[in-house]
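Residue-level structural notes
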Amino acid sequence: FVRNGVELDTLEGYSCQIVADEAINWLNANDKSSDPFFMYLAFHEPHAKVASPPELTAKYPGHSKRDAEYFANIENLDGAIGRILQYLKGNDLVDNTIIVFGSDNGSYRIGSNGDLRALKSYVYEGGIRVPGIISWPALKQKNVVKDDAVGFIDLMPTICDILNVEHKDKSGLDGTSILGLLNGGKLK
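Calculation notes
- Counting from 1, residues in each chain are numbered in the order their sequence is written.
- Totals for whole chains, interfaces and linings use all residues, but because this is a predicted model, local features are given only for residues with pLDDT of at least 70 and pairs of side-chain atoms are given and counted only at 80 or more.
- Only hydrogens and water are set aside when side-chain values are computed; all heavy atoms of the structure are taken into account.
- A run of H or I in DSSP counts as a helix once it spans at least four residues, and a run of E counts as a strand once it spans at least two, with each numbered from the N terminus.
- For the exposure calls, accessible area comes from a 1.4 Å probe over protein chains only, and a residue counts as buried if that area is under 20% of its type's maximum, exposed if over 50%, partly exposed in between.
- Only heavy atoms enter the contact rule, under which two residues are in contact if any of them lie within 4.5 Å.
- Exposure was quantified through the Shrake-Rupley algorithm and a 1.4 Å probe, taking into account, for residues, occlusion by the shown protein chains and nothing else.
- None of His or the chain ends enter the tally, which takes Lys and Arg as positive and Asp and Glu as negative.
- Taken as the charge centre is NZ of Lys, CZ of Arg, CG of Asp or CD of Glu, depending on the residue.
- For helices, the fitted axis covers only the stretch in contact; all axes are lines through C-alpha atoms, and the angles between them, taken along N-to-C directions, range from 0 to 180 degrees.
- An angle counts as roughly parallel when it lies under 35 degrees, as roughly antiparallel when it exceeds 145, as roughly perpendicular when it falls between 65 and 115, and as oblique in every other case.
- The residue classification treats Ala, Val, Leu, Ile, Met, Phe, Trp, Tyr, Cys and Pro as nonpolar and Asp, Glu, Lys and Arg as charged. All others, Gly included, are polar.
- Ring geometry is summarised as follows: Phe, Tyr and Trp rings, the Trp one being its six-membered ring, pair when their centres sit within 6.5 Å, and such pairs are stacked at plane angles under 30 degrees, edge-to-face over 60 and tilted between the two.
- Both a distance and an angle decide whether a charge sits over a ring: NZ of Lys or CZ of Arg must be within 6 Å of the ring centre and within 35 degrees of the ring normal.
- We count a salt bridge whenever a side-chain nitrogen from Lys or Arg sits within 4 Å of a carboxyl oxygen from Asp or Glu.
- Working note: the arc is built from the helix axis to C-beta atom directions.

1. Here's the deal with the overall build of the chain
Along the chain, the regular secondary structure elements total six helices and four strands. Put simply, the chain runs from its N terminus to its C terminus through helices and strands in the order β-β-α-α-α-β-α-β-α-α. Judged by the C-alpha coordinates and their principal axes, the chain covers about 50 × 45 × 30 Å. Out of the 188 residues in the chain, the part that is buried amounts to 25%. Considering only contacts within the chain whose residues lie at least 6 apart along the sequence, 50% involve residues at least 24 apart. As displayed, the chain offers around 13200 Å² of accessible surface, 54% of which is attributable to carbon and sulfur atoms. Within the chain, one finds 19 positive and 25 negative side-chain charges whose respective centroids are separated by 5 Å.

2. Comments concerning the packing of helix α1 (residues 15-29) against helix α3 (residues 65-90)
Axis separation between α1 and α3 bottoms out at 8 Å; the angle between their running directions is 10°. Comparing their axes, α3 and α1 come out roughly parallel. Residues Cys16, Gln17, Ala20, Asp21, Ala23, Ile24, Leu27 and Asn28 of α1 touch α3, and the partners they reach there are Asn76, Leu77, Gly79, Ala80, Arg83, Ile84, Tyr87 and Leu88. Its residues assigned to classes, the contact of α1 with α3 comprises ten nonpolar, four polar and two charged.

3. Thoughts on the side chain of Ser15
Looking at the element boundaries, Ser15 is found in helix α1. Of the residues examined, Ser15 reaches a relative accessible area of 18% and is grouped as buried. Excluding anything up to four places from it in sequence, Ser15 contacts Phe1, His44 and Glu45.

4. Section: the packing of aromatic side chains
One pass over the full model with this rule turns up four aromatic pairs. Chaining the aromatic ring pairs together yields one cluster made of Tyr60, Tyr70, Phe71 and Tyr108. Geometry around Tyr70 places Arg109 over its ring, the cationic atom sitting 4.3 Å from the centre. The ring centre of Tyr124 lies 3.7 Å from the NZ or CZ of Arg117, which sits over that ring.

5. Some remarks on the pattern of salt bridges
If you walk through the whole model with that rule in mind, you get seven salt bridges. Two residues, Lys65 and Glu69, come together in a salt bridge whose shortest N-O distance is 4.0 Å. Of this pair, Lys65 and Glu69 both sit in helix α3, four residues apart, roughly one helical turn. Note on Lys65: relative accessible area 65%, which makes it exposed. A network of salt bridges, in which partner residues are shared, links Glu125, Arg129 and Asp147.

6. Points about helix α5 (residues 155-163)
Within α5, burial applies to Pro157, Thr158 and Cys160. Within α5, the buried residues cover an arc of 160° as seen down the axis, which keeps them to one side. As for α5, its buried residues are in contact with α6 (179-182). Just downstream of α5, Asn164 is the residue with a positive phi angle, here 55°.

Take it as geometry only, folks, not as evidence of what the structure does.
Take a look at the structure:
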């Protein structure tokens with residue numbers, strides 16, 4: 001781990017929980033109740049080396065040790081994200097916060113990509129199609145699943161659109177705002 005450009009000594013614990021601790025500590029140290037903030041968290045889970053708390057791994061009897069570790073790893077990540085969401089709720093930050101969750105690629109595990117062809121590192125859907133979750137109370141639609149093909153490249157134009165900010169170099173801005181799609185319209 002690196003903090004403010006300085007490599008840290010060995011830290012004890014699981015990566016996702018360490019990242020959640022850092023995020024919550026940063027939020028605590030910087031009053032976010034009135035000033036806008038941007039936080040980007042890059043979790044390691046469930047990339048290899050997969051390491052999971054034994055009490056979570058034990059919840060998956062009947063599975064191979066490798067599968068139990070993998071499932072527990074994802075559950076541990078869910079718990080870390082849940083801690084951050086609870087912090088936001090407990091500090092009245094949810095109503096004015098946009099939360100985006102996604103993956104950089106499909107799984108490297110056979111079976112984790114469902115019926116999609118191939119795995120991570122392939123250009124087929126199993127390698128590049130991943131779920132994304134966007135939560136923001138101001139959205140007109142709630143609990144809706146969309147199948148439109150969008151990507152992280154569309155986040156910058158979308159955030160500019162939400163904030164009503166004109167990007168200085170529109171010709172150099174890749175991606176398309178998906179705000180209309182998120183509010184029930186069609187993707188243009």
